[in-house]
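Breakdown of the fold
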Amino acid sequence: FPPERPMTFVCSSWLLDPQLRDWLPERSNILRFGELFELVGPASYANAGGHDDVWRFVFAARPGTPVEELPEENTLQRSMLAGLQAGVEFQTRLGGLKRERLGL
């Protein structure tokens, strides 16, 4: 394996949605995680399932559960619920780990 060979790590997740900056606290570890990645392509490139993933992973609820029935037990849930009530469609985004994070 030649040392010049480029190395890439990718992530496809709702955690990379730049809209999260508008709803999560500035100190959020989710935002810090997102900063490790450079987004690849437009939102539509990897959007499948982002909104549903928020239901599953943030609220432990089935997609389509009425917003009024979603729990508000922690800061993440309250922040995301505020976005949902404002009409935000959270998206899955595709990102590559920034090269400086790889030491390249």
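Before any of the text, the structure's been laid out above.
First, a word on scope: everything that follows refers to the structure included in this document. (Residues numbered from 1 in each chain as written. Predicted model: local features only at pLDDT ≥ 70, side-chain atom pairs only at ≥ 80, totals over all residues. Heavy atoms only, no water.)

Description of the sheet that holds strand E3 (residues 93-97)
If you trace the three strands from one edge of the open sheet to the other, you get E1-E3-E2, paired in antiparallel fashion. Two strands bound the open sheet, and with one partner strand each, they are strand E1 (10-13) and strand E2 (37-39). Each neighbouring strand pair of the sheet contributes to a mean axis angle of 35°, computed without reference to strand direction. Relative to E3, E2 is paired through three bridges, and the arrangement is antiparallel. Each bridged residue has a counterpart across the sheet, and for Leu 39 the counterpart in E3 is Gly 95. (Pairing = 2+ DSSP bridges. Helix = DSSP H or I, 4+ residues; strand = E, 2+ residues; numbered from the N terminus. Axes fitted to C-alpha atoms, helices over the stretch in contact; angles between N-to-C directions.)

A few points about the pattern of salt bridges
Side chains bearing opposite charge may pair, as long as their charged atoms lie close to each other. A full pass over the atoms with the stated rule returns one salt bridge. In this structure, the salt-bridge partner of Arg 56 is Asp 53, at a minimum N-O distance of 3.1 Å. A residue pair is termed a helical-turn pair when its members lie 3 or 4 positions apart in one helix, as Arg 56 and Asp 53 do in helix H2 (residues 50-59) at three residues. Judged by relative accessible area, Arg 56 falls into the partly exposed class, the value being 42%. (Salt bridge = Lys/Arg side-chain N within 4 Å of Asp/Glu carboxyl O. Buried < 20%, exposed > 50% of the residue type's maximum accessible area, 1.4 Å probe, protein only.)

Let's talk about the pairing of E1
On E1, burial follows the alternation: Cys 11 and Ser 13 on one face are buried, whereas Val 10 and Ser 12 on the facing-out side are not. One ladder, built from four bridges, connects E1 with E3; its direction is antiparallel. Residue pairing across strands places Ser 12 opposite Leu 94, the latter belonging to E3.

Some words on the environment of Gly 50
Note on placement: Gly 50 falls in helix H2. According to the relative accessible area criterion, Gly 50 is buried, its value standing at 0%. Placed 35 residues apart in sequence, Gly 50 and Leu 15 show a C-alpha to C-alpha distance of 9.0 Å. The residues contacting Gly 50, other than those within four sequence positions of it, are Trp 14, Phe 90, Gln 91 and Thr 92. (Contact = heavy atoms within 4.5 Å.)

Section: H2
For an α-helix, the turn length of 3.6 residues means that residues three or four places apart are oriented alike. With seven of 10 residues buried, H2 is to be regarded as a mostly interior element. Within the span of H2, buried status applies to Gly 50, His 51, Asp 53, Val 54, Trp 55, Val 58 and Phe 59. Residue Ala 60 follows H2 closely and has a positive phi angle near 50°.

Here we look at unusual backbone geometry
In the Ramachandran plot, Ala 60 falls in the positive-phi region, its phi being about 50° despite a non-glycine side chain. Positionally, Ala 60 belongs in the loop between H2 and helix H3 (75-85). Its relative accessible area of 71% is what places Ala 60 among the exposed residues.

Overview of the side chain of Gln 77
Tracing the chain through its elements places Gln 77 in helix H3. Here the side chain of Gln 77 touches Glu 73 through a polar contact of 2.7 Å, landing on its backbone nitrogen. Those residues in contact with Gln 77 that lie beyond four places of it in its chain are Val 58, Phe 59, Pro 71 and Glu 72. (Polar contact = N/O pair within 3.5 Å; in protein donor to acceptor, adjacent residues only side chain to side chain.)

By themselves, these observations are geometric and do not establish any function.
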